[in-house]
Amino acid sequence: MHKHPDILLILANRHRRDYTGAGGGQLVHTPHIDRLAAEGVWFDKAATIFPAPGPSRMSILSGRYPAADAAPVTLAESPLGRCLAAAGYALTEITPAPGPEGLRRTAERARDALAGGTGPRFTLVTLPELDGETDDLPAEVLDLYRGKGIPLAMHHAAVTACDRAVGQILDALAATGRAGTTAVIYSSVVGDQFKFRDAVNRGGHTCYDDCIRVPLVIRGPGGPAGVRLAQIVGLHDLAPTIAAMAGADLADADGESLLPLMAGRPTAWRRALYIHNRHLRHIAVTFEAEKGRAYYGTFPPWDQRAIWTGRHKLILSFDKGRHSLFDTCIDPEEEFDLFGAPHRRTPMDELTRFKDTMPLVRELAQEMAALAEGVGDRAGADLAREIARSADPLHRPAGTPFHHL
């Protein structure tokens, strides 16, 4: 990797890892992102550490675990922006163009920004949310999916339109003659579960792979090409990586630079990723049939902590919320919650076929507590220790609801 390259970071919103050809998507067309992966390093186990657009973006710009209600900051105000400016980098931030044809107009603004400027520069391009609005999707993109029996055709089309915008930005970079001295990074702040699991959480707010796992590719001048890495990385690793590229000093980061992994140098790396979340909950409707009335109320959200090892994922909730355990080796869609097997009752008693999962739960909870302590999250550490030390994590005081359906 060349020292002090120009750096271009392109961030999507609601782009899942498996909605790319490089990430294994069989139906979606993403030729420009796939080419970027072929020319650089693809991180197969990349995930956000907070699956909500605002907090995830903050983790990218700081390298730290963000608060759920952290106020948004500009690139120039962020820890990453400040350290890059101190290292002599010019900063340019392209925000999503609102309204119809936002993707096209954002790509055009990025093109104009890349055409100017001298010296080392860092350019952040944030693309509009992939919401599948038809007025932002060219007919030739829609024709790839609609009427062909492809589920979620509009979102497939939105992803392909996003890929085309990435291609336009890369073409604009090539036209400047500086592509050979520019590191290019593409990712998404969060994935999407399309209201598959509930009617409230869509673009984020759950710890399922649908929302946390995102595409991440880095193409660097002088860097490796066609490399796929299997280590677990978080989006909070991007800030220290970018700072290391620039020779800048980023203080107090929780993430780690990815450059040693990209260079193939032996390095101790994390076994698991620690994740924060605020899980939004349903609106309750209570009917009084005899009076013909309906009352509406919103359940408060559950703050959650999770640990992901690449195979197992333990999700713990505060405030008597739901706890879950998934084994993505046998259940990659995370549809079969193993928490409390074989003792937790389910409508079909299917958990009785499994061995006791609580030793694994306690082991993961202990590891979660250590990771929480490492980033100064005392509440998360206490929650994990409560589960690790409990003789019966399924036991709840009389009258306490247990939110497993």
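The rules behind the values
Residues numbered from 1 in each chain as written. Predicted model: local features only at pLDDT ≥ 70, side-chain atom pairs only at ≥ 80, totals over all residues. Heavy atoms only, no water. Pairing = 2+ DSSP bridges. Helix = DSSP H or I, 4+ residues; strand = E, 2+ residues; numbered from the N terminus. Axes fitted to C-alpha atoms, helices over the stretch in contact; angles between N-to-C directions. Parallel < 35°, antiparallel > 145°, perpendicular 65-115°, else oblique. Contact = heavy atoms within 4.5 Å. Buried < 20%, exposed > 50% of the residue type's maximum accessible area, 1.4 Å probe, protein only. Core = buried A, V, L, I, M, F, W, Y, C linked by side-chain atoms within 4.5 Å. Salt bridge = Lys/Arg side-chain N within 4 Å of Asp/Glu carboxyl O. Phe/Tyr/Trp six-rings, centres within 6.5 Å; stacked < 30°, edge-to-face > 60°. 1 Å grid on protein atoms, 1.4 Å probe; cavity = no way out; pocket = protein on both sides within 12 Å on 5 of 7 lines; lining within 4 Å. Points joined across faces, edges and corners; volume = space filled by probe spheres on them. Nonpolar A, V, L, I, M, F, W, Y, C, P; charged D, E, K, R; others polar.

**Section: the sheet that holds strand β1 (residues 6–12)**
- Taking strand neighbours across the sheet as the criterion, the seven strands line up as β3-β4-β1-β5-β6-β2-β7 in an open arrangement whose pairing is mixed. Strand pairing shows two members of the sheet lacking a second neighbour, β3 (90–94) and β7 (227–234), which therefore form its edges. Along the sheet, successive strands turn relative to each other by an average axial angle of 15°, direction set aside.
- The pairing of strand β2 (residues 41–47) with β7 spans six bridges and is classified as parallel.

**Examining the packing of helix α1 (residues 31–39) against helix α6 (residues 153–175)**
- Between α1 and α6, the least distance of the axes is 7 Å, while the angle of their chain directions is 55°. What the angle tells us is that α1 and α6 run oblique. Across from P31, H32, I33, R35 and L36 in α1, the residues of α6 making contact are D163, R164, V166, G167 and L170.

**Re the sheet that holds strand β8 (residues 273–279)**
- The sheet built from four strands is open, its strands ordered β8-β11-β12-β13 with antiparallel pairing. Strands with a single pairing partner mark the edges of an open sheet, and in this sheet they are β8 and β13 (324–327). Taking the axes of each pair of neighbouring strands and ignoring which way they run, one obtains an average angle of 15° across the sheet.
- Strand direction decides the pairing type here: β8 and strand β11 (residues 302–308), joined by seven bridges, are antiparallel. Each residue of the ladder has a partner; that of Y274, found in β11, is I307.
- Packing against the sheet, helix α10 (residues 358–374) makes contact with β8, β11, β12 (312–317) and β13, and its axis sits at approximately 70° to β12.
- Taken strand by strand, helix α11 (residues 378–389) contacts β8, β11 and β12, and its axis lies near 105° from that of β12.

**A closer look at the pairing of strand β6 (residues 216–219)**
- Side chains of β6 alternate between two faces, with L216 and I218 and V217 and R219 buried alike.
- Bridge analysis of strand β5 (residues 182–188) against β6 gives four bridges, and the strand direction is antiparallel. Residue pairing in the sheet places S187 in a bridge with L216 of β6.

**Description of the nonpolar core**
- Core analysis: the largest hydrophobic core is formed by 39 residues, its most contacted members being L8, I10, V125, L127, V166, I169 and Y186.
- Secondary-structure elements contributing two or more residues to this core are β1, α1, α4 (102–115), α5 (139–142), α6 and β5.
- Considering every element that reaches this core, the biggest residue donor is α6, with 12 residues.
- Residues contacting Y186, with those up to four places away along its chain left out, are I10, A12, H15, I33, L36, C162, V166, P215, L216 and V217.

**Regarding helix α2 (residues 53–62)**
- With eight of 10 residues buried, α2 is to be regarded as a mostly interior element.
- Turning to α2, its buried residues number three or more, namely P55, S56, R57, M58, S59, I60, L61 and S62.
- Buried residues in α2 make contact with β1, α3 (79–86), β3, β4 (121–126) and α8 (238–246).
- Following α2 by one or two positions, G63 has its phi on the positive side, about 80°.

**Remarks on the pattern of salt bridges**
- On inspection of all chains with the given rule, the structure shows 28 salt bridges.
- In this structure, R213 and D209 form a salt bridge, with 3.6 Å as the shortest nitrogen-oxygen distance.
- Close ionic contact of R271 with E367 constitutes a salt bridge, the shortest N to O distance being 2.5 Å. Highlighted residues: R271 in the loop between α9 (259–263) and β8 and E367 in helix α10, separated in sequence by 96 residues.
- Judged by its relative accessible area of 47%, R271 falls in the partly exposed class.
- Taken together, the shared-partner salt bridges in this structure form one network comprising D209, R213, K313 and E334.

**Some details on the pairing of β5**
- Most of β5 is tucked away, with seven of its seven residues classed as buried.
- Residues T182, V184, Y186 and S188 point to one face of β5 and A183, I185 and S187 to the other, with burial holding for every one of them.
- Relative to β5, β1 is paired through seven bridges, and the arrangement is parallel. Within the sheet, the bridge partner assigned to I7 lies in β5 and is A183.

**Digging into the packing of aromatic side chains**
- Scanning the model with the defined rule gives four aromatic pairs in all.
- Taken together, a centroid distance of 5.7 Å and an interplanar angle of 50° make the contact between Y19 and F194 tilted. Placement of the pair is Y19 in the loop between β1 and α1 and F194 in the loop between β5 and α7 (209–212), with a sequence separation of 175 residues.

**A few points about empty space enclosed by the protein**
- Inspection of the entire model under this criterion finds two cavities of 30 Å³ or more.
- Roughly 40 Å³ of internal volume is contained in the second largest cavity.
- Looking at the second largest cavity, the residues that line it are D6, I7, L8, L114, R121, T123, L173 and T182.
- Secondary structure elements with two or more residues in the lining of the second largest cavity: β1 and β4.
- Looking at the lining of the second largest cavity element by element, the count peaks at three residues for β1.
- Along the lines of polarity and charge, the residues of the lining of the second largest cavity split into four nonpolar, two polar and two charged.

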